[in-house]
Amino acid sequence: MGWGDMEPRNSSAAGRSDACFGVFNASDGRDTAQNSITSPWFSTAFGLIGLCSNLFALCVLLSSSRKLSSRARSSFLVFLCGLVVTDFMGLLVTASVIIPYHFIKFTWAEVDPGCHLCNFLGFSMVFFGQCPLLLGATMAGERFFGINHPFSRSTSISKRRAWSIVGLVWGFSCLLGLLPVLGLGRYTLQYPGSWCFLTLLPDTGNVIFCLLFALLGIFSVLLSFIFNTVSVVTLCRVYHDRESVQRRRDSEVEMMVQLVGIMIIATICWMPLLIFIVQTVLQQLPASSDQLQLLPPETQKMLLIYIRMVTWNQILDPWVYILFRRAVLQRIYPSLRPRPSILSLYPVLNPSLRRKLTAD
């Protein structure tokens with residue numbers, strides 16, 4: 001659906017200080033060449049594929065978690081399960097608003113005059129967008145300490161504690177998403193009129209919220225990259241040690257392959273949008289709020305394209321676990337066989353300490 005499908009009265013609300021409409025001009029952009037960008041089949045296809053993928057991954061995760069006795073692997077599966085649930089719920093909530101809009105073509109100003117639905121959708125976009133990035137950084141940090149300090153009690157995370165950490169991530173992302181509702185920035189309707197998101201306009205509240213959202217996401221991606229890089233280097237160094245090359249365990253490799261895959265997908269899908277948000281708000285800072293009331297058409301189109309890329313993150317995340325499980329990796333690389341735990345990577349241990357750690 002293109003701009004031409006939007007009702008002009010949506011843009012008439014732009015003059016209201018508390019309006020969530022009018023960030024783009026509904027009367028512009030009637031060029032049919034844009035229909036491929038705003039086609040409702042993008043949202044429909046992405047939503048269905050993503051929901052099915054995450055549901056399948058969740059079933060596989062629950063099946064695998066019942067067969068595990070390793071605490072490290074169990075806690076990692078809890079984080080993975082939290083990530084899959086987040087992606088699934090994010091697609092379900094946003095698609096339940098966006099897809100009906102494309103087919104019903106309701107007028108936002110009439111259906112949602114108080115901007116409650118728009119604020120909810122904007123909150124969902126921020127909450128379900130920030131959670132996977134923070135969970136990815138949390139998983140990378142957990143594996144970093146688990147690999148580099150394998151004998152520390154503080155690195156042994158139970159399932160209950162892992163779920164508590166996932167809950168903290170959800171709570172922090174929820175507080176971040178509520179900031180516009182509490183007065184810092186605002187959520188507004190975005191091109192082509194089917195979704196709401198943070199506002200890329202140069203007033204103080206919007207700039208602060210946009211930078212907070214984007215820089216926090218960039219920081220999470222960079223933190224994941226640092227943790228995963230150090231963990232991979234540590235594993236490679238230990239695995240190539242002459243005394244331990246035959247004692248490696250494939251579960252550490254499996255977890256790191258999955259983490260690196262999640263990090264690469266998040267980087268490719270999210271970094272263009274996050275950098276675009278930072279560049280846009282900083283470039284517009286010289287303009288005052290009365291000089292720039294509408295987003296430029298190019299900014300609107302690029303924002304939509306980057307959001308399409310972000311959607312792929314929720315679709316591809318579950319397939320990282322589905323395809324890079326141990327059973328699949330062993331078919332591709334047969335030399336991966338079940339071996340002793342990571343304790344065997346450190347052969348020079350006090351026997352009593354080894355028995356104690358093995359019992360734990």
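The shown structure was predicted, so the numbers you read here are calculated from the model rather than taken from an experiment. (Residues numbered from 1 in each chain as written. Predicted model: local features only at pLDDT ≥ 70, side-chain atom pairs only at ≥ 80, totals over all residues. Heavy atoms only, no water.)

> I keep staring at the overall build of the protein and nothing clicks. Help me out?
Secondary structure summary: the protein contains eleven helices and two strands in total. Ordered by position from N to C terminus, the α and β elements of the protein give α-α-α-α-α-α-β-β-α-α-α-α-α. Scored against the burial criterion, the 360 residues of the protein give a buried share of 52%. Counted over contacts in the protein with a minimum sequence separation of 6, partners at least 24 positions apart contribute 82%. (Helix = DSSP H or I, 4+ residues; strand = E, 2+ residues; numbered from the N terminus. Buried < 20%, exposed > 50% of the residue type's maximum accessible area, 1.4 Å probe, protein only. Contact = heavy atoms within 4.5 Å.)

> Is there a simple way to think about the state of the cysteines in this case?
Tallying each qualifying case throughout the model produces one disulfide. The side chain of Cys 118 participates in a disulfide bridge whose partner is Cys 196; the two sulfur atoms lie 2.0 Å from each other. Every disulfide takes its handedness from the sign of the S-S torsion; for Cys 118 and Cys 196 that torsion is -115°, giving left-handed. Here Cys 118 is found in helix α5 (residues 116-148), whereas its partner Cys 196 is found in strand β2 (residues 195-198), with 78 residues between them in sequence. (Disulfide = S-S within 2.5 Å.)

> Sorry if this is basic, but what is going on with the UniProt feature "transmembrane region" (unreviewed entry) in the protein here?
In the numbering used here, UniProt assigns the "transmembrane region" (unreviewed entry) feature to residues 41-64, 76-101, 121-141, 162-185, 205-238, 259-282 and 302-324. The distance from the first to the last C-alpha atom of residues 121-141 is 30 Å, and the span holds 100% helix and 0% strand. Counting secondary structure, residues 205-238 comes out at 100% helix and 0% strand; the distance between its end C-alpha atoms is 49 Å. (UniProt positions renumbered as here; feature names shortened; annotations may be inferred.)

> How should I be thinking about the packing of aromatic side chains in this particular structure?
Each aromatic ring pair is specified by the distance between its two centres and by the angle formed by the two planes. A complete count under the given rule lists twelve aromatic pairs for this structure. Where Phe 145 meets Phe 227, the ring centres are 6.4 Å apart and the plane angle is 55°; that geometry is what we call tilted. Here Phe 145, found in helix α5, pairs with Phe 227, found in helix α7 (residues 204-239); they are 82 residues apart in sequence, far enough to count as distant. Using a relative accessible area of 41% as the deciding quantity, one classes Phe 145 as partly exposed. (Phe/Tyr/Trp six-rings, centres within 6.5 Å; stacked < 30°, edge-to-face > 60°.)

> Just checking my understanding: could you explain the packing of α5 against helix α6 (residues 159-182) for this structure?
Two quantities define a packed helix pair, namely the angle between the helix axes and the distance between the axes. Interhelical geometry of α5 versus α6 gives an angle of 145° and a closest axis separation of 8 Å. For the element pair α5 and α6, the recorded crossing hand is right-handed. Contacts between α5 and α6 involve Phe 123, Val 126, Phe 127, Gln 130, Cys 131, Leu 134, Leu 135 and Thr 138 from the former and Ile 165, Val 166, Val 169, Trp 170, Phe 172, Ser 173, Cys 174, Leu 176, Gly 177 and Leu 178 from the latter. Here the residues of the contact of α5 with α6 sort into 14 nonpolar, four polar and no charged. (Axes fitted to C-alpha atoms, helices over the stretch in contact; angles between N-to-C directions. Left-handed = near helix turned anticlockwise from the far one by under 90°. Nonpolar A, V, L, I, M, F, W, Y, C, P; charged D, E, K, R; others polar.)

> Would you explain the pattern of salt bridges in this entry?
Two side chains carrying opposite charge are able to pair once their charged atoms lie near each other. Inspection of every chain in the model, using the stated rule, returns two salt bridges. Note that Glu 142 and Arg 143 form a salt bridge whose closest N and O atoms lie 3.1 Å from each other. Each member of the pair, Glu 142 as well as Arg 143, carries the same accessibility label: buried. (Salt bridge = Lys/Arg side-chain N within 4 Å of Asp/Glu carboxyl O.)

> Help me understand the pairing of strand β1 (residues 187-190) in this model?
Remark: a regular strand shows side chains that alternate across the two faces of the sheet. Where β1 meets β2, four bridges bridge the pair, whose relative direction is antiparallel. The residue of β2 that forms the bridge with Gln 190 is Trp 195. Hairpin connection between β1 and β2: a loop of four residues separates the two successive antiparallel strands, and Gly 193 in this loop has a positive phi of roughly 100°. (Pairing = 2+ DSSP bridges.)

> Mind showing me how you'd approach the packing of helix α2 (residues 40-65) against helix α9 (residues 297-323) here?
Put simply, α2 and α9 touch, their axes get as near as 8 Å, and they point 25° apart. When the interaxial angle is binned, α2 and α9 end up roughly parallel. In this structure, the crossing between α2 and α9 has a hand that is left-handed. Here Phe 42, Ser 43, Phe 46, Ile 49, Gly 50, Ser 53, Asn 54, Phe 56, Ala 57, Val 60, Leu 61 and Ser 64 of α2 come into contact with α9, specifically with Arg 308, Thr 311, Trp 312, Gln 314, Ile 315, Pro 318, Trp 319, Tyr 321 and Ile 322. Class assignment for the residues of the contact of α2 with α9 results in 13 nonpolar, seven polar and one charged. (Parallel < 35°, antiparallel > 145°, perpendicular 65-115°, else oblique.)

> How should I be thinking about α5 in this particular structure?
A turn of α-helix holds 3.6 residues, and therefore any two residues three or four places apart point the same way. Taking 1.5 Å of rise per residue, 33 residues should cover 48 Å, and α5 covers 47 Å from first to last C-alpha, within 8% of that figure. A large share of α5 lies buried, amounting to 26 of its 33 residues. (Expected span 1.5 Å × (residues − 1).)

> Please clarify how the nonpolar core should be interpreted in this entry.
Soluble globular proteins: nonpolar side chains tend toward being buried together. Core analysis: the biggest nonpolar cluster contains 81 residues, and Trp 108, Trp 195, Phe 197, Leu 198, Leu 200, Phe 213 and Ile 277 have the highest contact counts within it. A per-element tally of this core places helix α8 (residues 250-283) first, with 15 residues. (Core = buried A, V, L, I, M, F, W, Y, C linked by side-chain atoms within 4.5 Å.)

> Where do I start with the environment of Leu 134 in this structure?
Residue position: Leu 134 is located in helix α5. Taking relative accessible area as the criterion, Leu 134 reaches 13% and is therefore assigned buried. Each C-alpha atom, one on Leu 134 and one on Ser 173, is 8.5 Å from the other, the two residues being 39 residues apart in sequence. What Leu 134 contacts, discounting residues up to four positions off in sequence, is Val 169, Phe 172, Ser 173, Leu 216 and Ser 220.

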